[in-house]
Amino acid sequence: MKKKLAKIKYLPNNFQIIEQGDYVECAVSGKRIDLENLTYWNVELQEPYFSYREADKKRADSNKK
């Protein structure tokens, strides 16, 4: 079975599935994140992150600007 990219709306403590799928892609690394493992995201940027490392890298890069 081929996995499908989901479309998600990221909320402060949860997320809403806009278009059904199995995974999303990390905004920093491009790694696939299965929805059941999705833990880190940015509500303002509407971006998912694979782990705290990618989320921290994104925050550090944003602070440099």
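Our structure's up above, just so we're on the same page.
Below: a short report on this structure. In every chain, residue numbers begin from 1 and rise along the written sequence. Predicted model: local features are reported for residues with pLDDT of at least 70 only, side-chain atom pairs are reported and counted for 80 or more only, and whole-chain, interface and lining totals are derived from all residues. Water and hydrogen atoms were dropped before computing side-chain values, which therefore reflect all heavy atoms in the structure.

**Comments concerning the side chain of E54**
Okay, so step 1: Of note, E54 is situated in helix 1 (residues 52-64).
Okay, so step 2: Within 3.5 Å is the distance limit for a polar contact, defined as a pair of N or O atoms, with the added protein rule that one can donate a hydrogen and the other accept it, and that residues adjacent in sequence qualify only through two side-chain atoms. Separated by 2.4 Å, the side chains of E54 and S51 make a polar contact.
Okay, so step 3: For this analysis, residues touch if any pair of their heavy atoms sits within 4.5 Å. The residues touching E54, leaving out its near neighbours within four places in the chain, are C26, V28, S29, K31 and Y49. Helix numbers and strand numbers start at the N terminus; a helix is a DSSP run of H or I with at least 4 residues, a strand a run of E with at least 2.

**Looking at the nonpolar core**
Okay, so step 1: Membership of the largest hydrophobic core is limited to 11 residues, which are A6, I8, Y10, F15, V24, C26, I33, L35, L38, Y49 and A55.
Okay, so step 2: Contacts of A6, omitting those with residues within four sequence positions, involve E19, Q20, G21, D22, Y23, V24 and L35. As used in this record, nonpolar core signifies buried Ala, Val, Leu, Ile, Met, Phe, Trp, Tyr and Cys residues forming a set joined through side-chain atoms within 4.5 Å. Per-residue accessibility, obtained with a 1.4 Å probe over protein chains only, is compared with the maximum for each type, and a residue is labelled buried under 20%, exposed over 50%, and partly exposed between these values.

**Things to note about the environment of E25**
Okay, so step 1: Residue placement: E25 occurs in strand 3 (residues 23-25).
Okay, so step 2: When residues no more than four places from it in sequence are discounted, the contact partners of E25 are L5, G30, K31, I33 and P48.

**Section: unusual backbone geometry**
Leaving glycine out, the prevailing phi sign among residues is negative, and the prevailing peptide bond configuration is trans.
Okay, so step 1: Located in the positive-phi region is Q46, a residue other than glycine, with phi close to 55°.
Okay, so step 2: With respect to the helices and strands, Q46 occurs in the loop between strand 5 (40-42) and strand 6 (47-49).

**Examining the environment of N14**
Okay, so step 1: Tracing the chain through its elements places N14 in the loop between strand 1 (7-10) and strand 2 (15-19).
Okay, so step 2: Separated by 25 residues in the primary sequence, N14 and T39 have C-alpha atoms spaced 9.1 Å apart.

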